[in-house]
Amino acid sequence: MEVNKEVILADFQACTDIEDVAEAILYLEGTNWDLLAAINRVMPINTQQLPSETSNDVVMIEEVHRPTRNNESIDITTVPKSSNNRSVSMEIDEILPGTSRSKPNPPSRVLTFHISLEKTIHTISCPESNTLGDLKRVIWEKTSIGPCQQVLHGWHKEPPRDTTIFQTLNLPRENNLQLTQVIDLGESHAEPINLSDRLTRTYTLNIRNEMNNKLYKLKFPGMHTISEIKRDIYSLTDVHVRNQVWKGWPDSVTSDDITLGQSGISYPEHNLSVNKLPNTENKKEVVDLADTDSSVGEVESVEDFEDIPESCNVEDDIFIDNIQSTRIQYLMPSNVEDETVGTLHFAEEFEKRYGPNHPQFYTGTLEEAIQEACGKPPKDRKLLAVYLHHDNSVLAHVFCTQLLGFETVLQHLSTNFVIWGWDFTHESNKLKFWTSINQALGPTAARTVRNIDVDTMPVLMIIMRTRSNTEIFRIVFGNVGVSELLTNLIHAVDIFQEHRQADIEFEEERQSRERVKQEQDRAYQESLAADRAKEEAKQMQEQIQKQKKEQAESERLAEEARKEAHRQSVISSLPPEPQPGDKVLKVRIRVPAGEVLERRFQPDTPLQILLNYLTVEGYPTEEYKVLCTWPRRDLTSIDTKLTLADLNFCSQETVVLEMR
């Protein structure tokens, strides 16, 4: 029957609250889409409820009560359906009647947690059926501190893991806890990264080999599992996975099936250490009964022997103390997937077999070695020497000890070459190299390597870069002597120096042209910036002038409005003009424009009324002075409460206005 993966995925996300689809699919694929197995990996048993398995709105559950003295009573309780509340499903599971108990468990309590963080206390209430992980997710929402960064102190009984249910701890209803934030937890932070992003990253693991105090700097993709990493380290250290003791993995790593992206290690680098599980005192060494006269390529692998079940009958095995194995250790294990791990193993085994007097092999991929030698500027460029080894070749031992160990050869190689080694003994590694060189140098170079015969190996393949082409310059076969090898190396260096000098001159000319172009561009940009600055200054000045005009106009309008408001207020206070009569004074006012204003006033009219009249006519005292001709005096400087009679105004008086 075909599995409906969409339904299984929906059930899995609903039960586990995992919103990241990539993470959910990863768990399901790890269990071959077995829903229950995947849920049990993430959550404790008996805490799940599948939405596709519940079709009714209510579930009828038979609740068994403690029998009374006279009779027994059985009640039918209706429990609402809940697809998202795991505590409800747990309560239902616990009160189902069974033959192994006589009374149901008490209902789930509600626990209150008072979380102290610095000077703030966060109060959180949750059912007793929740887990520590549920509490940490609520704390995350309130404090923005990631679950993996939370350390809680002050437990009545501390939960051993995040999946521990509070009901199993018998906690009190009120719990006072202190929260501490752990900063350096790799991928665990307040802003979580999607699992799909972590799986696409490349992590650098700094692995310290405690047995020989060596440091391996290895790169692995986030999809690599810890089990695969341990197998790679097995190929480097000859310590089987079961005998490896590791330090430095996060506490969340509980299984070797976890990927680096899921493990929570630090990015981009993480420090680890590996050691060997100590042997028991009475352990015997097993004699290797492999036929030493057989072909090297037919020797069985160490891993096949290590994987023999420990429970098998070993009464017929032959044990002898202190007998070393006669099995040949290859320079590189079979089926190497990671070129960096393979080259590390190659360099270590080469030194163990042929001694310390050997070239310094570059550890890394072939593409990285080509980049290190040929991908740099001409002044820093070197030749790349690829050493291809085969244990079935009769020339291998002489070539490695007599030729590659010769002092003059070593000096030439270390000065002018980057040396990279690979082992062709296993067919799988040969195919791996063909793929790598085809990707790096193209099909022509790959065909050249395929034509190399095993009888002519080992070989030293010299790769050179001239202008924009990187190609195989020469192949030195293993049947040469020291003088012929030196002649080939010196000739390759001479040709390389000529090409490199031409490349240096070409590069200097290119850089000179580039500098001239950059100077021209810089001068143009400076001129353009100066013109732009002038234009901006001009626009700024115009803007200032415009603002000044607008401000002056605004002030003028405001002043006119103020004057008009004052004039209107004065009009209301101005008494009506009296009719002509014997006691009525007639005042004539000469204005600066030459016109004459006339108005009649009562003798007891205050001077202020006259001034108000002039203000109404548009001649406020702030701008004009009112002068009497005889005797000459400024009426605006006199007490305005004085009447016109007090000022000795005649029946026909003339005053003059002057601008201030």
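Residues numbered from 1 in each chain as written. Predicted model: local features only at pLDDT ≥ 70, side-chain atom pairs only at ≥ 80, totals over all residues. Heavy atoms only, no water.

Peer 1: Got a minute to help me understand the overall build of the protein chain in this structure?
Peer 2: Across its full length, the protein chain carries 17 helices and 19 strands. Every one of the 660 residues in the protein chain was classed for burial, and the buried ones make up 37%. For the protein chain, the proportion of contacts with a sequence separation of at least 24, taken over those separated by at least 6, is 64%. (Helix = DSSP H or I, 4+ residues; strand = E, 2+ residues; numbered from the N terminus. Buried < 20%, exposed > 50% of the residue type's maximum accessible area, 1.4 Å probe, protein only. Contact = heavy atoms within 4.5 Å.)

Peer 1: Help me understand helix H10 (residues 339-354), please; the structure alone is not making it clear to me.
Peer 2: In this model, H10 (16 residues) spans 22 Å end to end at C-alpha, consistent with the 22 Å of a helix rising 1.5 Å per residue. Counted residue by residue, H10 has 13 buried out of 16 residues, so it is predominantly covered. (Expected span 1.5 Å × (residues − 1).)

Peer 1: Where do I start with the pairing of strand E15 (residues 585-590) in this structure?
Peer 2: Side-chain direction in a regular strand flips from residue to residue, so the side chains alternate between the two faces of the sheet. Every second residue of E15 is oriented toward a common face, the buried set being Leu-585, Val-587 and Ile-589 and the non-buried set Lys-586, Arg-588 and Arg-590. Examined bridge by bridge, E15 and strand E16 (residues 596-601) share six bridges and lie antiparallel to one another. Within E16, the residue paired with Leu-585 across the bridge is Phe-601. What sits between E15 and E16 in their antiparallel hairpin is a turn of five residues, with Gly-594 showing a positive phi close to 100 degrees. Both E15 and strand E19 (residues 652-659) contribute to a ladder of five bridges, which runs parallel. Residue Ile-589 lies in a different strand from E19, and its bridge partner there is Val-655. (Pairing = 2+ DSSP bridges.)

Peer 1: Would you explain the side chain of His-426 in this entry?
Peer 2: Mapped onto the elements of the fold, His-426 is located in the loop between strand E12 (417-423) and helix H14 (427-441). On the basis of relative accessibility, which here comes to 15%, the residue His-426 falls in the buried class. With residues up to four places along the chain from it excluded, the contact list for His-426 reads Tyr-330, Met-332, Pro-333 and Ser-334.

Peer 1: How should I be thinking about the side chain of Ser-273 in this particular structure?
Peer 2: Of note, Ser-273 is situated in strand E10 (residues 269-276). Ser-273 gets classed as buried once you look at its relative accessible area, which sits at 11%. If we ignore the near neighbours within four places in the chain, the residues touching Ser-273 are Arg-208, Glu-210, Val-245, Trp-246 and Lys-247.

Peer 1: Explanation requested: helix H3 (residues 35-42) in the structure shown.
Peer 2: Three or four residues apart is the spacing at which side chains of an α-helix point the same way, because the helix has 3.6 residues per turn. Within H3, the full set of buried residues consists of Leu-35, Ala-38 and Ile-39. Taken around the axis of H3, the buried residues stretch over an arc of 100 degrees, which confines them to a single face. Its buried side turned inward, H3 meets helix H1 (5-16) and helix H2 (21-30). Where H3 starts, the residue carrying a side-chain oxygen 3.4 Å from the main-chain nitrogen of Leu-36 turns out to be Asp-34. (Arc of directions from axis to C-beta. Polar contact = N/O pair within 3.5 Å; in protein donor to acceptor, adjacent residues only side chain to side chain.)

Peer 1: Would you mind going over the packing of helix H16 (residues 482-573) against helix H17 (residues 607-616) with me for this structure?
Peer 2: If you want to describe how two helices pack, look at the angle between their axes and the distance between the axes. Running from amino to carboxyl end, H16 crosses H17 at an angle of 135 degrees, the nearest separation of the two axes being 9 Å. One way to sum up the angle between H16 and H17 is to call them oblique. For the pair H16 and H17, the sense of crossing is left-handed. Facing H16, whose interface residues are His-566, Arg-567, Val-570, Ile-571 and Ser-573, H17 presents Ile-609, Asn-612, Thr-615 and Val-616. By residue class, the composition of the contact of H16 with H17 is four nonpolar, four polar and one charged. (Axes fitted to C-alpha atoms, helices over the stretch in contact; angles between N-to-C directions. Parallel < 35°, antiparallel > 145°, perpendicular 65-115°, else oblique. Left-handed = near helix turned anticlockwise from the far one by under 90°. Nonpolar A, V, L, I, M, F, W, Y, C, P; charged D, E, K, R; others polar.)

Peer 1: Please clarify how the sheet that holds E15 should be interpreted in this entry.
Peer 2: Adjacent strands of a sheet form backbone hydrogen bonds with each other and so pair up, either parallel or antiparallel. Reading across from one edge, E16-E15-E19-E17-E18 is the order of the five strands in this open sheet, with mixed pairing throughout. Two strands close off the open sheet at either side, each with one partner strand: E16 and strand E18 (633-634). Where H17 meets the sheet, it contacts E15, E16, strand E17 (624-628) and E19, and its direction lies at approximately 140 degrees from that of E16.

Peer 1: Could you clarify how one ought to interpret the nonpolar core in this entry?
Peer 2: Inside soluble globular proteins, nonpolar side chains tend to come together where they are buried. Formed by 55 residues in total, the largest nonpolar core has its most connected members in Leu-388 and Phe-433. In contact with Phe-433, other than residues within four places in its own chain, are Leu-366, Val-386, Leu-388, Trp-420, Trp-422, Phe-424, Val-449 and Met-461. By size, the runner-up hydrophobic cluster in this structure holds 22 residues, among which are Val-587, Leu-597, Ile-609 and Leu-611. (Core = buried A, V, L, I, M, F, W, Y, C linked by side-chain atoms within 4.5 Å.)

Peer 1: I tried to follow the packing of aromatic side chains on my own but got confused; where do I start?
Peer 2: Two descriptors summarise a pair of aromatic rings, namely the distance from one centre to the other and the angle between the planes of the rings. Using the criterion set out here, one finds 19 aromatic pairs in the structure. With 5.2 Å between their ring centres and 85 degrees between their planes, Phe-346 and Phe-361 make a pair best called edge-to-face. Residue Phe-346 is found in helix H10, and its partner Phe-361 is found in the loop between H10 and helix H11 (366-374); the two are separated by 15 residues along the sequence. As far as burial versus exposure is concerned, Phe-346 and Phe-361 are alike and both buried. Between Tyr-619 and Tyr-624, the ring centres sit 5.2 Å apart and the planes meet at 75 degrees, which makes this aromatic pair edge-to-face. Neither residue differs from the other here; Tyr-619 and Tyr-624 are each classed as buried. Ring pairing ties together the aromatic residues Phe-346, Phe-350, Tyr-354, Phe-361, Tyr-387 and Phe-399, which thus form one cluster. Positioned above the aromatic ring of Tyr-267, the side-chain terminus of Arg-201 is 4.0 Å from the ring centre. The lysine or arginine in question, Arg-450, covers the ring of Trp-434, its NZ or CZ lying 5.2 Å from the ring centre. (Phe/Tyr/Trp six-rings, centres within 6.5 Å; stacked < 30°, edge-to-face > 60°. Lys NZ or Arg CZ within 6 Å of the ring centre and 35° of its normal.)

Peer 1: I would appreciate a short explanation of the sheet that holds strand E6 (residues 174-181) in the present structure.
Peer 2: A sheet is described by the order of its strands in space; here four strands give the open sequence E4-E3-E6-E5, paired in mixed fashion. The two strands at the open ends of the sheet, each matched to only one other strand, are strand E4 (120-127) and strand E5 (150-153). Strand-to-strand twist across the sheet, computed as the mean angle between neighbouring axes with direction ignored, equals 35 degrees. For E5 and E6, the ladder comprises four bridges, and the chain directions are antiparallel. The partner of His-153 across the bridge, within E6, is Gln-178. Strand contacts of helix H5 (residues 132-143): strand E3 (110-117), E4, E5 and E6, with the helix running at about 140 degrees to E4, the strand carrying the most contacts.

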